[in-house]
Protein chains: 2
Amino acid sequence: MDKTNKRPLILVSNDDGITSKGISELIKYLRPLGEIVVMAPDTPRSGSASALTVTEPISYRLLRREVGLSVYKCSGTPADCVKLAFHTVLDRKPDLVVGGINHGDNSAVNVHYSGTMGVVIEGCLKGVPSIGFSLCSHEPNADFEPAGSYVRKIARMVLEKGLPALTCLNVNIPDLKELQGIKVCEQTKGQWVNEWENFAHRGDSHYYWLTGNFEATDNENTKNDHWALTNGWVAVTPVTVDVTAYGLIDELNTWF
Amino acid sequence: MDKTNKRPLILVSNDDGITSKGISELIKYLRPLGEIVVMAPDTPRSGSASALTVTEPISYRLLRREVGLSVYKCSGTPADCVKLAFHTVLDRKPDLVVGGINHGDNSAVNVHYSGTMGVVIEGCLKGVPSIGFSLCSHEPNADFEPAGSYVRKIARMVLEKGLPALTCLNVNIPDLKELQGIKVCEQTKGQWVNEWENFAHRGDSHYYWLTGNFEATDNENTKNDHWALTNGWVAVTPVTVDVTAYGLIDELNTWF
């Protein structure tokens, strides 16, 4: 029996694009755990959520191949990358799908906008244990080193233990030299405010850049990922792709 | 007291774009219920999920204004449209946010890819009762009439009763002349397969168009939106924006 065939197969993608530091660091941390196939967007795709490309075709290209690592770039969204990798470059179902490491915080409601989590949700919908990693820094040259051992540890645990159907992990890591450890969290409630910066353009029209501040409505809740990050912990928030609001079904049945 | 100020304020958007038949029909069905403000994408944006525009600024323009109705087009995504409408054209918090009527089925896992549901999730995150309506037909000239009375009834109920925090509705309607009535549902489990159509391009390269079939894994479950639609019912699936997988927290706490 060929032992090399028994190494775990790990599909990696992201939303910052194939040239970002975060994905290079992620590959470095994951390589000891298995065979890595990377299919990542050829341009930055932050804020892509689970968007798909439906109005034009997409393509992909091999960038580099060495023992245990194949790297492809793709013209599609993060979710497209996962779908296309399954269809084309993966010779078997992967053991793990990993998104990241994102340059920026995907905790709290950001889970809904994140292309990193778009990768993870897609992996999860395809029945593969999936994890998104994000560092709370938008710096292109951010320091990922303190995160490295946590990334590897969490990925190793998921490879070993699996995850229940329809669930995946959203892991956010403070941008600190010293981390407190891992805290299992709930998604922080709250909302973005002051979301647009308004610029006058040629006098009579305006354009708007997305910006804003996140305001948590439950800042004191020590179970929340926002609290964990503020206090120096790596926040592991389990996420479900079954978004049915089961608690509302009985009430709605009285309406109709 | 000016009674006109007490009419409900309803924000409408979609992902098929401002010129689609579905949004015109939606406006027609909702007008008796309140004052309507429309901010919708200037181009088709199907499959946008909750994507945001972060790499360029966006803008909007008034298309038409009459008593009880203002219509704007916007260069952003469906979620951008909602965010920008709150920041610019709405003079108070709306009583209802409505996405649709989508040309195509957004039941089951499609909730994750749907720009219509991107509108709804954004409204919900902003604390406003929100509903997405989708007709199970991709025809540009689909017949929305059988859906009309259901759209109005469901919107009226939500205006009257509200929805609990962090929950919204995903309503899908079969493309039939005769509908059975309303059924409150759960999100169907399953996955898309055969997702890419492959075309050779100039001999040595390939491009891929997204396509595919949805395969439900729980077809026999009569609680599911897929079952309801197949059997002629309007499927009302309550959706949560708190995607924490609470059931996994205790298990994860034993890992770390």
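The model shown is predicted, which means the values in this text are computed figures rather than measured ones.

Peer 1: What is the right way to read the overall build of chain A from this model?
Peer 2: Check the secondary structure of chain A and you find six helices and 13 strands. For chain A, whose C-alpha radius of gyration is 19 Å, the value lies close to the compact-globule estimate of 18 Å for 256 residues. The 256 residues of chain A split such that 52% are buried. Pairs at least 24 residues apart make up 76% of the contacts formed inside chain A by residues separated by at least 6 positions.

Peer 1: Which parts of the structure should I look at to understand the relation of the copies chain B and chain A?
Peer 2: Both copies of the chain are related by one operation, a rotation about an axis with a shift along it. Once chain B has been moved 0.0 Å along the axis and rotated by 180°, it coincides with chain A to within an RMSD of 0.0 Å. Taken together, the turn and the small shift mark the pair as related by a two-fold rotation axis. Taken as a fraction of all interface residues of chain B, those also at the interface in chain A reach 100%, which identifies the copy contact as same-surface.

Peer 1: Before we go on, may I ask you to explain the sheet that holds strand S5 (residues 96-103) of chain A in this structure?
Peer 2: The pairing of strands in a sheet comes from backbone hydrogen bonds and takes either a parallel or an antiparallel form. Residue and element names in this part refer to chain A. An order of S3-S4-S2-S1-S5-S6-S7-S13-S8 is seen for the nine strands of this open sheet, with the pairing classed as mixed. The open sheet is flanked by strand S3 (60-66) and strand S8 (182-184), the only strands paired with a single partner. Taken pair by pair, the neighbouring strands of this sheet meet at an average axis angle of 20°, ignoring direction. Direction of pairing for S5 relative to strand S6 (residues 130-135): parallel, over a ladder of five bridges. Opposite Val97, over in S6, you have Ser130 as the bridge partner. Most of the contacts of helix H4 (residues 145-161) go to S5, to which it runs at about 160°, and overall it touches S5, S6, strand S7 (167-173), S8 and strand S13 (234-240).

Peer 1: It is not clear to me how helix H2 (residues 78-87) of chain A should be interpreted in this structure. Could you clarify?
Peer 2: Two residues of an α-helix separated by three or four positions point the same way, owing to the 3.6 residues in each turn. The element H2(A) is extensively covered by neighbouring structure, given that nine of its 10 residues are classed as buried. Within the sequence span of H2(A), burial applies to Pro78(A), Ala79(A), Asp80(A), Cys81(A), Val82(A), Lys83(A), Leu84(A), Ala85(A) and Phe86(A).

Peer 1: For this particular structure, what's the right way to read the interface of chain B and chain A?
Peer 2: Accessible area lost upon the coming together of the parts is a frequently used measure of interface size. Opposite the 58 residues of chain B that make contact, chain A presents 58 residues. Listed by contribution, the elements that provide at least two residues to the side of chain B that touches chain A are helix H2 (78-87), helix H3 (115-125), helix H4 (145-161), strand S8 (182-184), strand S10 (196-201), strand S11 (205-210), strand S13 (234-240) and helix H6 (249-255) of chain B. Looking at the side of chain B that touches chain A residue by residue, the class counts come to 34 nonpolar, 18 polar and six charged.

Peer 1: Looking at this structure, how should I read the packing of H2(B) against H3(B)?
Peer 2: The axes of two packed helices give the description: the angle between them and the distance between them. Residue and element names in this part refer to chain B. Look at H2 against H3: their axes get within 7 Å of each other, and the N-to-C directions meet at 30°. Classed by the angle they form, the pair H2 and H3 counts as roughly parallel. Crossing geometry of H2 relative to H3 is assigned as right-handed. Side by side, H2 and H3 meet where Pro78, Ala79, Cys81, Val82 and Lys83 of the first sit next to Gly115, Thr116, Gly118, Val119, Glu122 and Gly123 of the second. Residues of the contact of H2 with H3, tallied by class, amount to five nonpolar, four polar and two charged.

Peer 1: Looking at this structure, how should I read the nonpolar core?
Peer 2: Nonpolar side chains in soluble globular proteins tend to be buried together. Judged by nonpolar contacts, the single largest core of 152 residues is most densely connected at Met39(A) and Met39(B). Setting aside its immediate chain neighbours within four residues, Met39(B) contacts Leu11(B), Ser13(B), Tyr60(B), Tyr72(B), Cys74(B), Cys81(B), Leu84(B), Ala85(B) and Val89(B).

Peer 1: When you look at the sheet that holds S13(B) in this model, what are you seeing that I'm missing?
Peer 2: All names here are of chain B. The strand order S3-S4-S2-S1-S5-S6-S7-S13-S8 describes an open sheet built from nine strands, whose pairing is mixed. Of all the strands in the sheet, the pair left with one neighbour each is strand S3 (60-66) and S8. Pairs of neighbouring strands in the sheet enclose a mean axial angle of 20°, with direction left out of account. Across five bridges, the pairing between strand S6 (residues 130-135) and strand S7 (residues 167-173) is parallel. Looking at the pairing, Ser134 lines up with Asn172 of S7. Contacts between H2 and the sheet are confined to strand S1 (9-13), strand S2 (35-41), S3, strand S4 (69-74) and strand S5 (96-103), with S2 contributing the most and set at about 135° to the helix.

Peer 1: Any chance you could explain the confidence of the model for chain A here in plain terms?
Peer 2: Any segment with low pLDDT has predicted coordinates that should not be analysed in fine detail. When pLDDT is averaged along chain A, the result is 95; 97% of the residues meet or exceed 70. Model confidence for the complex is summarised by a pTM of 0.96, with the ipTM given as 0.95.

Peer 1: What is the right way to read unusual backbone geometry from this model?
Peer 2: With the exception of glycine, the majority of residues adopt a negative phi angle, and the majority of peptide bonds are in the trans configuration. Residues and elements named next belong to chain A. In this structure, the amide linkage connecting Gly100 to the following residue, Ile101, adopts the cis form with an omega of -15°. One non-glycine residue with positive phi stands out, namely Ala49, at about 50°. Here Ala49 shows up in the loop between strand S2 (35-41) and S3. Overall, Ala49 belongs to the buried group, with 31 C-beta atoms counted inside 10 Å. Its identity is not glycine, yet Leu166 carries a phi of approximately 70°, on the positive side. Following the sequence through the fold, Leu166 ends up in the loop between H4 and S7. Residue classification places Leu166 among the partly exposed residues on the basis of 18 C-beta atoms within 10 Å.

Peer 1: Could you clarify how one ought to interpret helix H1 (residues 21-30) of chain A in this entry?
Peer 2: Residue and element names in this part refer to chain A. Three or more residues of H1 are buried, namely Gly22, Ile23, Glu25, Leu26, Tyr29 and Leu30. Taken down its axis, H1 places every buried residue within 160° of arc, on the same side. On the buried face of H1, the contacting elements are strand S1 (9-13), S2, S5, S6 and H4.

Conventions used here
Residues numbered from 1 in each chain as written. Chains lettered and ligands numbered in written order. Predicted model: local features only at pLDDT ≥ 70, side-chain atom pairs only at ≥ 80, totals over all residues. Helix = DSSP H or I, 4+ residues; strand = E, 2+ residues; numbered from the N terminus. Rg over C-alpha atoms; globule rule 2.2 N^0.38 Å. Buried ≥ 20, exposed ≤ 12 C-beta atoms within 10 Å, placed from the backbone. Contact = placed C-beta atoms within 7 Å. Least-squares fit on C-alpha atoms with pLDDT ≥ 70 in both. Pairing = 2+ DSSP bridges. Axes fitted to C-alpha atoms, helices over the stretch in contact; angles between N-to-C directions. Nonpolar A, V, L, I, M, F, W, Y, C, P; charged D, E, K, R; others polar. Parallel < 35°, antiparallel > 145°, perpendicular 65-115°, else oblique. Left-handed = near helix turned anticlockwise from the far one by under 90°. Core = buried A, V, L, I, M, F, W, Y, C linked by C-beta atoms within 7 Å. pLDDT = per-residue confidence, 0-100. Arc of directions from axis to C-beta.

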